[in-house]
Amino acid sequence: MLLNSILTILQDIAPLDLAESWDNVGLLVGRRDSDVSCAMTCLTLTDVTLQEAIEAKANLIVTHHPIPFKPISKITDDTTSGSLLLKAARADIAIYSPHTAWDNCARGINQQLAEELGLTNIKPLQQAVSPKYKDECVGTGRYGSMVATAIGDVLEKLGTALPIEQARHTHTLSKTVSKIGIVCGSGGSMLGLVASRGCDAMLTGEATYHQCLEAEAQGIVLIMIGHHASEAFAMKRLAGMLQESIPSIRVFASANEHSLF
Ligand SMILES: [Zn+2]
């Protein structure tokens with residue numbers, strides 16, 4: 001199947017105009033008229049995931065995190081990302097990243113996390129600005145309500161759906177929360193937005209020490225389930241969605257990618 005046709009399907013799932021303005025999403029490496037018979041999803045393009053794709057003879061990697069991310073002026077093996085880009089190009093593997101478009105879209109990561117928590121009245125923390133989306137639940141993060149639940153029980157609930165290796169949190173496990181803001185990945189900087197929605201808790205992947213202190217000062221419980229755990233599960237689900245839409249090619253999620261912590 002033509003790469004360009006697969007990109008159309010990816011963009012139906014996660015429209016690129018939903019990505020944050022600072023992001024670098026879409027087709028990052030590749031020829032749109034190339035033929036794709038096998039695609040792999042992963043959280044991050046690394047030596048491990050790229051090697052896995054090469055061995056599986058994949059022609060496309062859908063990586064959540066973009067490489068390259070910032071503008072670059074050289075592609076050499078002097079840098080890790082340069083080496084990866086060279087190696088992918090040599091193996092004729094296209095690289096596509098939906099990143100924050102996938103975080104923010106209607107069936108995206110933050111929506112999935114909100115549904116796993118069983119939240120009601122789910123809304124974006126920041127509705128997408130385009131009038132095209134005014135009637136849809138799309139945009140930055142999510143927030144919603146639940147009956148007052150202890151942090152320990154929130155973690156237990158999440159743990160049944162996601163492979164959480166090491167969760168951290170402010171406050172004590174017995175403290176109850178009822179209105180939760182959600183930002184997958186590194187969401188600590190969005191604490192102010194979560195507070196502005198009247199949430200008493202925030203679920204994210206990771207936050208800095210000082211962001212934790214700020215959350216504590218504002219009386220907001222910060223629950224950190226790990227960057228990998230907050231997003232990698234959704235790349236497996238994206239592989240499933242793609243496979244369902246495109247039965248003529250093989251789509252799989254990386255099995256070798258591991259969490260650092
Ligand atoms: Zn991330």
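Per chain, the residues get numbers from 1 upward, laid out in the order the sequence is written. Residues qualify for local features only when their pLDDT is at least 70, as the model is predicted, and side-chain atom pairs are given and counted only at 80 or more; totals for whole chains, interfaces and linings, by contrast, use all residues.

Focus on the overall build of the protein chain
And then number 1: Secondary structure elements follow DSSP: runs of H or I no shorter than four residues count as helices, runs of E no shorter than two count as strands, and numbering proceeds from the N terminus. Across its full length, the protein chain carries nine helices and 13 strands.
And then number 2: In summary, the protein chain has a C-alpha radius of gyration of 19 Å against a globular reference of 18 Å for 261 residues, a match within 12%.
And then number 3: In terms of its C-alpha atoms, the protein chain occupies a principal-axis envelope of roughly 50 × 40 × 35 Å.
And then number 4: Whether a residue is buried, exposed or partly exposed follows from its count of other C-beta atoms within 10 Å of its own C-beta, namely 20 or more, 12 or fewer, or something in between, respectively; the C-beta atoms are built from the backbone. Out of the 261 residues in the protein chain, the part that is buried amounts to 43%. Here the globule rule is a power law, 2.2 Å times the number of residues to the power 0.38, and the radius of gyration is based on C-alpha atoms.

A closer look at the environment of Asp47
And then number 1: Assignment of secondary structure puts Asp47 in helix α2 (residues 47-55).
And then number 2: For Asp47, a count of 11 C-beta atoms within 10 Å puts it in the exposed group.

A few points about the pairing of strand β13 (residues 250-253)
Looking along a regular strand, one sees side chains alternate from face to face of the sheet.
And then number 1: Residues Val251 and Ala253 of β13 are buried on one face, while the alternating residues Arg250 and Phe252, pointing to the opposite face, are not.
And then number 2: Here strand β2 (residues 38-42) pairs with β13 via four bridges, running parallel. Each bridged residue has a counterpart across the sheet, and for Thr41 the counterpart in β13 is Ala253. Two strands qualify as a pair provided DSSP detects at least 2 bridges between them.

Side note on the sheet that holds strand β3 (residues 60-63)
And then number 1: Ordered in space as β1-β4-β3-β2-β13, the five strands form an open sheet in which the pairing is mixed. The outermost strands of the open sheet, each flanked by one partner alone, are β1 (26-29) and β13. Ignoring strand direction, the axes of neighbouring strands in this sheet form an average angle of 25 degrees. Axis geometry follows a simple rule: fit a line to the C-alpha atoms, using only the stretch in contact for helices, then measure angles between N-to-C directions, giving values from 0 to 180 degrees.

Focus: the sheet that holds strand β11 (residues 201-206)
And then number 1: Spatially, six strands are ordered β5-β8-β10-β11-β12-β9 in an open sheet, and the strand pairing comes out mixed. Looking along the sheet, the strands with just one partner apiece sit at the ends: β5 (120-123) and β9 (168-169).
And then number 2: Taken together, the four bridges between β11 and strand β12 (residues 221-224) define a ladder with parallel strand orientation. Considered in β12, the bridge of Leu203 is made with Ile223.

So, the domain arrangement of the protein chain
And then number 1: Once the domains are mapped, the protein chain shows domain 1 (3-102) and domain 2 (106-227).
And then number 2: The source of the domain bounds is an automatic or database domain assignment. Taking only C-alpha atoms into account, the centre of domain 1 sits 28 Å from that of domain 2.
And then number 3: By definition, residues are in contact whenever their C-beta atoms, placed on the basis of the backbone, come within 7 Å of each other. Every contact between the two is made by five residues of domain 1 and, on the other side, six residues of domain 2.
And then number 4: For this classification, the nonpolar set comprises Ala, Val, Leu, Ile, Met, Phe, Trp, Tyr, Cys and Pro, the charged set comprises Asp, Glu, Lys and Arg, and every other residue, Gly included, is treated as polar. Across the side of domain 1 that touches domain 2, the residue classes tally to four nonpolar, no polar and one charged.

Some points on the environment of Leu43
And then number 1: With respect to the helices, strands and loops of the structure, Leu43 is situated in the loop between β2 and α2.
And then number 2: C-beta crowding within 10 Å serves as the criterion here: with 24 such atoms nearby, Leu43 is assigned to the buried category.
And then number 3: With 21 residues separating them along the chain, Leu43 and His64 place their C-alpha atoms 4.8 Å apart.
And then number 4: Other than its neighbours up to four places away in sequence, Leu43 contacts His64, His65, His228, Glu231, Ala232, Met235 and Glu257.

What to know about helix α9 (residues 227-245)
And then number 1: Expected span of a helix: the number of residues minus one, times 1.5 Å. An ideal rise of 1.5 Å per residue puts 27 Å on 19 residues; α9 measures up with 28 Å between its terminal C-alpha atoms.
And then number 2: The complete set of buried residues in α9 reads His227, His228, Ala229, Ser230, Glu231, Ala232, Phe233, Ala234, Met235, Leu238, Ala239 and Leu242.

A short note on the nonpolar core
And then number 1: Under the definition applied here, buried Ala, Val, Leu, Ile, Met, Phe, Trp, Tyr and Cys residues are grouped into a nonpolar core through C-beta atoms within 7 Å. Ranked by size, the top nonpolar core spans 74 residues in total, and within it Leu60, Ile61, Ile180, Met202 and Ile223 carry the most contacts.
And then number 2: The biggest single contributor to this core is α9, with eight residues.
And then number 3: Among the domains, domain 1 (3-102) and domain 2 (106-227) are the pair contributing at least three residues each to this core.
And then number 4: Here Ile223 is in contact with Ile151, Val154, Ala167, His169, Ala201, Met202 and Leu203, once residues within four sequence places are set aside.

Quick word on unusual backbone geometry
And then number 1: Here the residue pair Ile67 and Pro68 is connected by a cis peptide bond, since its omega of 0 degrees sits within 30 degrees of zero.
And then number 2: If you trace the backbone, Pro68 turns up in the loop between β3 and α3 (80-90).
And then number 3: Here the phi dihedral of Asn121 falls at roughly 55 degrees; this positive angle occurs in a residue that is not glycine.
And then number 4: Judged by local crowding, Asn121 falls into the exposed class, with 10 C-beta atoms found within 10 Å.

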